[in-house]
Amino acid sequence: MKHGTLEQTALALSTAGHRYEEFLRVPAMSAGLYVLPAGGVDGQTPHAEDELYYITEGRAHMTVGAEEITVAPGSFEFDEAGVEHRFHTISEDLSILVVFAPAESLSSSEAHAVPKD
């Protein structure tokens, strides 16, 4: 069994100086916390896995394929593998719970670990 809190993950993330901290990895899925500062840039590229985002803090806009959506605390977004998506016009620091199924490939995971600006 694995357990913890988002607060513990956020602390580990801030200590590591990255934007993404994975806290769970099993073959069927992986999960982590992704943070983007207000005014920041989300440089991610499409993933090879399905992905679920759940916004815990902050406000922004998101482009998913040709669709534009607004996200805020409590929002969730499911993106199928290979679909172009990114956060933009980040008006408040974003904290995002991310779940990949199956587990995110290590090369994608390393791409998330971009140092903070």
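A brief structural summary. From a predicted model like this one, the values you see are computed outputs, not experimental measurements.

Description of unusual backbone geometry
Thinking step 1. Look at the link from Ala-101 to Pro-102: it is a cis peptide, with omega at -10°.
Thinking step 2. Tracing the backbone shows Pro-102 in the loop between strand E6 (85-101) and helix H2 (106-112).
Thinking step 3. The phi angle at Thr-89 is positive, at roughly 45°, despite the residue not being glycine.
Thinking step 4. Turning to its location among the elements, Thr-89 is positioned in strand E6.

A short note on the pairing of strand E1 (residues 20-26)
Thinking step 1. With six bridges connecting them, E1 and strand E2 (residues 29-36) associate as antiparallel partners. From the neighbouring strand, Leu-24 faces E2, where its bridge partner is Ala-31.
Thinking step 2. Here E1 folds back onto E2, and the loop between the two strands holds two residues.

Describing the environment of Tyr-34
Thinking step 1. Within the element layout of this structure, Tyr-34 appears in strand E2.
Thinking step 2. Classification of Tyr-34 by relative accessible area gives buried; the value is 3%.
Thinking step 3. With twelve residues separating them in the primary sequence, Tyr-34 and Glu-22 have C-alpha atoms 8.6 Å apart.
Thinking step 4. At 2.6 Å, the side chain of Tyr-34 and the side chain of Asp-42 are in polar contact.

Here's the deal with the nonpolar core
Thinking step 1. In terms of nonpolar packing, the biggest core is built from 16 residues, with Leu-36, Met-62, Val-71, Phe-87, Leu-94, Ile-96 and Val-98 touching the most fellow members.
Thinking step 2. For this core, the secondary-structure elements that each account for two or more residues are E2, strand E3 (50-64), strand E4 (67-71) and E6.
Thinking step 3. Top element by residues in this core is E6. It accounts for six residues.
Thinking step 4. Setting aside chain neighbours within four positions, we find Ile-96 in contact with Gly-32, Leu-33, Tyr-34, Leu-36, Tyr-53, Tyr-54, Ile-55, Thr-56 and Phe-87.

Observations concerning the side chain of His-85
Thinking step 1. Looking at the element boundaries, His-85 is found in strand E6.
Thinking step 2. Side-chain polar atoms of His-85 contact the side chain of Gln-44, separated by 3.4 Å.
Thinking step 3. Among the polar contacts made by the side chain of His-85, one reaches the main-chain carbonyl oxygen of Val-83 at a distance of 2.7 Å.
Thinking step 4. Leave out the neighbours within four places in its chain, and His-85 touches Gln-44, Pro-46, His-47, Glu-51, Tyr-53, Met-62, Thr-63, Val-64 and Asp-79.

Re the pairing of E3
Side-chain direction in a regular strand flips from residue to residue, so the side chains alternate between the two faces of the sheet.
Thinking step 1. In this structure, E3 lies alongside E6, joined through twelve bridges in antiparallel fashion. Bridging from a neighbouring strand, Ile-55 pairs with Ile-96 of E6.
Thinking step 2. As paired strands, E3 and strand E5 (residues 76-79) are joined by four bridges and run antiparallel to one another. Each bridged residue has a counterpart across the sheet, and for Tyr-54 the counterpart in E5 is Phe-76.
Thinking step 3. Here E3 pairs with E4 via five bridges, running antiparallel.

Parameters at a glance
Residues numbered from 1 in each chain as written. Predicted model: local features only at pLDDT ≥ 70, side-chain atom pairs only at ≥ 80, totals over all residues. Heavy atoms only, no water. Helix = DSSP H or I, 4+ residues; strand = E, 2+ residues; numbered from the N terminus. Pairing = 2+ DSSP bridges. Buried < 20%, exposed > 50% of the residue type's maximum accessible area, 1.4 Å probe, protein only. Polar contact = N/O pair within 3.5 Å; in protein donor to acceptor, adjacent residues only side chain to side chain. Core = buried A, V, L, I, M, F, W, Y, C linked by side-chain atoms within 4.5 Å. Contact = heavy atoms within 4.5 Å.

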